[in-house]
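Reading the structure
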Amino acid sequence: MIRVLIILVSFLFINFSSYANEDSKKCIGLYEKGKYSLALPYCLKSSKGHEFYLGYIYSRDNKCSLSHRWYKKSGDTDSMLNMSIQLIYGTRGCKQDINRGKNYLLEINDKEG
């Protein structure tokens with residue numbers, strides 16, 4: 001009985017992992033082809049490692065707060081740079097906020113410095 005349970009749990013884990021992997025591949029493939037609206041659901045299902053993609057997709061839809069949420073989760077330099085540009089120039093659905101934009105640039109400098 002325990003052996004059957006272990007096999008069942010193992011099968012479910014492997015099966016779930018393969019679905020997550022397929023979603024990740026679809027996310028990347030569609031994103032790289034510029035099909036952002038089609039990529040979005042797959043990127044959301046496999047969000048770990050795709051935070052930048054999600055930030056970028058939401059910025060294209062002019063959804064500033066969602067874009068920044070994902071960019072912050074990514075935390076990489078490109079994400080911080082995109083957030084600062086959006087705020088300094090008031091683009092991609094963001095209200096212009098030069099001071100916040102500068103703060104992101106300073107964070108990049110501290111990270112890279």
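Report on the accompanying structure.

A positive phi angle, near 60 degrees, is found at Asn62, a position not held by glycine. One can find Asn62 in the loop between α3 (51-60) and α4 (64-74). The class of Asn62 is partly exposed, set by a relative accessible area of 47%.

This part covers a nonpolar patch on the surface. Together, Leu81, Ile85, Tyr89 and Leu105 line one region of the surface with nonpolar side chains, adding up to about 380 Å² of accessible area. With 3 residues, helix α5 (residues 77-89) is the largest single contributor of residues to the nonpolar patch. Mapped onto the elements of the fold, Leu81 is located in helix α5. Residue class for Leu81 comes out partly exposed when judged on its relative accessible area of 36%.

Along an α-helix, residues three or four positions apart point the same way, because every turn accommodates 3.6 residues. Inspection of α4 places Cys64, Ser67, His68, Trp70 and Tyr71 among the buried residues, and these make up the whole buried set. Viewed end-on, α4 has its buried residues packed into an arc of 165 degrees, placing them on one side of the element. The outward face of α4, more than 90 degrees from its buried face, is lined by the exposed residues Ser65 and Lys73. Buried residues along α4 sit in contact with α2 (36-45), α3, α5 and α6 (98-112). Looking one or two residues beyond α4, the residue adopting positive phi is Gly75, at roughly 70 degrees.

As a further point, take α3. Where burial is concerned, most of α3 is hidden: 7 out of the 10 residues are buried. Taken as a whole, α3 has its buried residues at Glu51, Tyr53, Leu54, Gly55, Ile57, Tyr58 and Ser59. In the segment just after α3, Asn62 is the residue with positive phi, at about 60 degrees.

Let us look at the packing of α3 against α4. Two elements in contact, α3 and α4, have axes separated by 7 Å at closest approach and are oriented at 160 degrees. Between α3 and α4, the angle is such that the two are roughly antiparallel. You can see that α3 and α4 cross each other, and the crossing is left-handed. For the pair α3 and α4, contact is made by Glu51, Phe52, Leu54, Gly55, Tyr56, Tyr58 and Ser59 and by Leu66, Ser67, Trp70, Tyr71, Lys73 and Ser74, respectively. Within the contact of α3 with α4, the residues separate by chemical class into 7 nonpolar, 4 polar and 2 charged.

Here the structure, examined in full by the defined rule, presents 2 disulfides. Each sulfur in the disulfide pair Cys27 and Cys43 lies 2.0 Å from the other. Disulfide Cys27-Cys43: torsion about the S-S bond near 90 degrees, hence right-handed. On the criterion of sequence distance, the pair formed by Cys27 in helix α1 (residues 2-32) and Cys43 in helix α2 is long-range, its members being 16 residues apart.

What counts and how
Residues numbered from 1 in each chain as written. Predicted model: local features only at pLDDT ≥ 70, side-chain atom pairs only at ≥ 80, totals over all residues. Heavy atoms only, no water. Helix = DSSP H or I, 4+ residues; strand = E, 2+ residues; numbered from the N terminus. Buried < 20%, exposed > 50% of the residue type's maximum accessible area, 1.4 Å probe, protein only. Patch = residues over 30% accessible without salt bridge, like charges linked within 9 Å, V, L, I, M, F, W, Y side chains within 5 Å. Areas by Shrake-Rupley, 256 points an atom, 1.4 Å probe, with all protein chains shown as cover. Salt bridge = Lys/Arg side-chain N within 4 Å of Asp/Glu carboxyl O. Arc of directions from axis to C-beta. Contact = heavy atoms within 4.5 Å. Axes fitted to C-alpha atoms, helices over the stretch in contact; angles between N-to-C directions. Parallel < 35°, antiparallel > 145°, perpendicular 65-115°, else oblique. Left-handed = near helix turned anticlockwise from the far one by under 90°. Nonpolar A, V, L, I, M, F, W, Y, C, P; charged D, E, K, R; others polar. Disulfide = S-S within 2.5 Å.

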